[in-house]
Amino acid sequence: MSDDSTYATAPFDHAKADIILRSSDNVDFRVFKLFLSLASPFFETLFDIPQPAKENGDQDVRDGLAVIPVTEDRKTLDALLRFCYPCTLADDPNLEMLKDAMDVVEAARKYSLDVIERKARQAIVNPKILEAEPLRCFTISHRGRLREETLLAARYTLTQPLIPSWFQEVELLTATDLLSLLTYHNKCGDAVYALRLDLSWITSHYGSFQACSWLSGQFYDSDGDLDSHCRCPRSPVPRYNVGLFSISLRWWEDFMEETFAGLRDKPCKETVEGSADKTGRPSKHEVVKLALRGSRKACATFWIYLRGK
């Protein structure tokens, strides 16, 4: 018996347990063979193998129970076993840390725990984690050969600058992996930037050029006749005039110029929304507030259109 081993905490310290799993850092988990056998064919086969006699020095024994050493540390083994136990005895573990989730995925693969592997993979692509640490999610998913999770995380990395700053696990990426990610990011930025040359998607969203006439400072009545003009300054050189209008408002031109410049670096809806908020803050004109409401509503359609490009 290992002199420096300690027992795990509840529920893995039960007096009636019939086997002990010892973690790589010498923590002994008293567990029930039945629960593990039902969860995994690996454990079922393992426990069917006749154990050496207790007097045989090759078999470690503690408190009358055979001890099986495993390569997982106490944290990973605890999470894995909690998934195996009935919910009345142990709650599912909290896998909010990316490395913990990946360690459980690898252990679940090793022990043929397919259901547990799926749960751990879902934890890796939790939207909360993806939004906060997309590059780490991508790296860990890619390292773990999780194709769907890698592709999803790659899309979330578009919220980051084209050239990322240092992040944990970056050393797990090869130069080829990183180049592939940056190439994908750059192509997405170029695809969005090209949309500035054809603004038909705006009129398509609103159904007609009259419906989005506020972008040029003109308003039409229900009969389609010009009703009024706003007092917003106009751009002397329109570049983003919409539909049949030959004029464009200065705030709209500034907004579009800044937005597309930002989209080249971060091709995501957050760039559009952030630019809209920045454009609207200093404005005193009600038409700008109306325009910004429209631009936010257009975001969903814009990104559906973009994904099809």
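The structure under discussion appears in the preceding block.
These lines cover the structure that appears in this document, whether it is placed above or below. (Residues numbered from 1 in each chain as written. Predicted model: local features only at pLDDT ≥ 70, side-chain atom pairs only at ≥ 80, totals over all residues. Heavy atoms only, no water.)

Points about the packing of helix α9 (residues 175–194) against helix α11 (residues 250–265)
Note the threshold: Note on geometry: axes are lines fitted to C-alpha atoms, helical ones only across the stretch in contact, with angles between N-to-C directions running from 0 to 180 degrees. Secondary structure elements are taken from DSSP: a helix is a run of H or I of four residues or more, a strand is a run of E of two residues or more, and numbering for both begins at the N terminus. Here roughly perpendicular refers to angles of 65 to 115 degrees, roughly parallel to angles under 35, roughly antiparallel to angles over 145, and oblique to all remaining angles. Crossing chirality is assigned from the near helix's rotation relative to the far helix, an anticlockwise turn below a right angle marking it left-handed and a clockwise turn marking it right-handed. Between two residues, a contact is recorded if the distance between any of their heavy atoms is within 4.5 Å. Classification used: nonpolar for Ala, Val, Leu, Ile, Met, Phe, Trp, Tyr, Cys and Pro, charged for Asp, Glu, Lys and Arg, polar for all others including Gly.
Put simply, α9 and α11 touch, their axes get as near as 7 Å, and they point 160° apart. Classified by the angle their axes make, α9 and α11 are roughly antiparallel. As α9 packs across α11, the resulting crossing turns out to be right-handed. Where α9 approaches α11, its residues H185, G189, D190, V192 and Y193 are matched on the opposing element by F260, L263, R264 and D265. Split by residue class, the contact of α9 with α11 holds 4 nonpolar, 2 polar and 3 charged.

Digging into the packing of aromatic side chains
Both the distance between ring centres and the angle between the ring planes are used here to describe each pair of aromatic rings. Counted only if it meets this: Each aromatic pair joins two rings of Phe, Tyr and Trp (for Trp, the six-membered one) with centres within 6.5 Å, and gets the label stacked for planes under 30 degrees apart, edge-to-face for over 60, and tilted for any other angle. Only protein chains enter the area calculation, which uses a 1.4 Å probe; residues under 20% of their type maximum are buried, those over 50% are exposed, and those in between are partly exposed. Consider the ring centre and the ring normal. A charge sits over the ring if Lys NZ or Arg CZ is within 6 Å of that centre and within 35 degrees of that normal.
The final tally for this structure, using the stated rule, is 11 aromatic pairs. Ring geometry for F12 versus F29: centroids 5.7 Å apart, planes at 55°, classification tilted. Taken together, the positions of F12 in the loop between β1 (6–7) and β2 (19–22) and F29 in strand β3 (residues 27–31) put the pair 17 residues apart, joining distant regions of the chain. The burial state of F12 is the same as that of F29; both residues are buried. With 5.1 Å between their ring centres and 80° between their planes, F12 and Y85 make a pair best called edge-to-face. Highlighted residues: F12 in the loop between β1 and β2 and Y85 in the loop between α3 (74–84) and α4 (98–110), separated in sequence by 73 residues. The residues F12 and Y85 share a single accessibility class, namely buried. Above the plane of the ring of Y7 lies R62, whose end atom (NZ or CZ) is 3.8 Å from the centre.

Structural notes on the pairing of β3
Filter applied, for reference: At least two DSSP bridges between two strands are required for those strands to pair.
Of all 5 residues making up β3, 5 are buried, and the element is well covered by its neighbours. Residues V27, F29 and V31 line one face of β3 and the alternating positions D28 and R30 line the opposite face, and both faces are buried. Sheet topology places β1 next to β3; 2 bridges connect them, and they run parallel. The residue bridging T6 from the neighbouring strand is V27, located in β3. Where β2 lies against β3, 4 bridges are found, and the strand directions are antiparallel. When the sheet's bridge partners are listed, L21 is paired in β3 with F29.

Examining the environment of L113
Within the secondary structure, L113 is located in the loop between α4 and α5 (114–124). With relative accessibility at 1%, the residue L113 sits in the buried group. Along the sequence, L113 and S40 sit 73 residues apart, while their C-alpha atoms lie 5.5 Å from each other. Beyond its immediate sequence surroundings of up to four residues, L113 is in contact with A39, S40, L80, C84 and A108.

With respect to the packing of α4 against α5
Two elements in contact, α4 and α5, have axes whose closest approach is 8 Å; the angle formed by their N-to-C orientations is 160°. The orientation of α4 relative to α5 falls into the category roughly antiparallel. The handedness of the crossing between α4 and α5 comes out as left-handed. Where α4 approaches α5, its residues L98, A101, M102, V104, V105, A108 and R109 are matched on the opposing element by I116, E117, A120, R121, A123 and I124.

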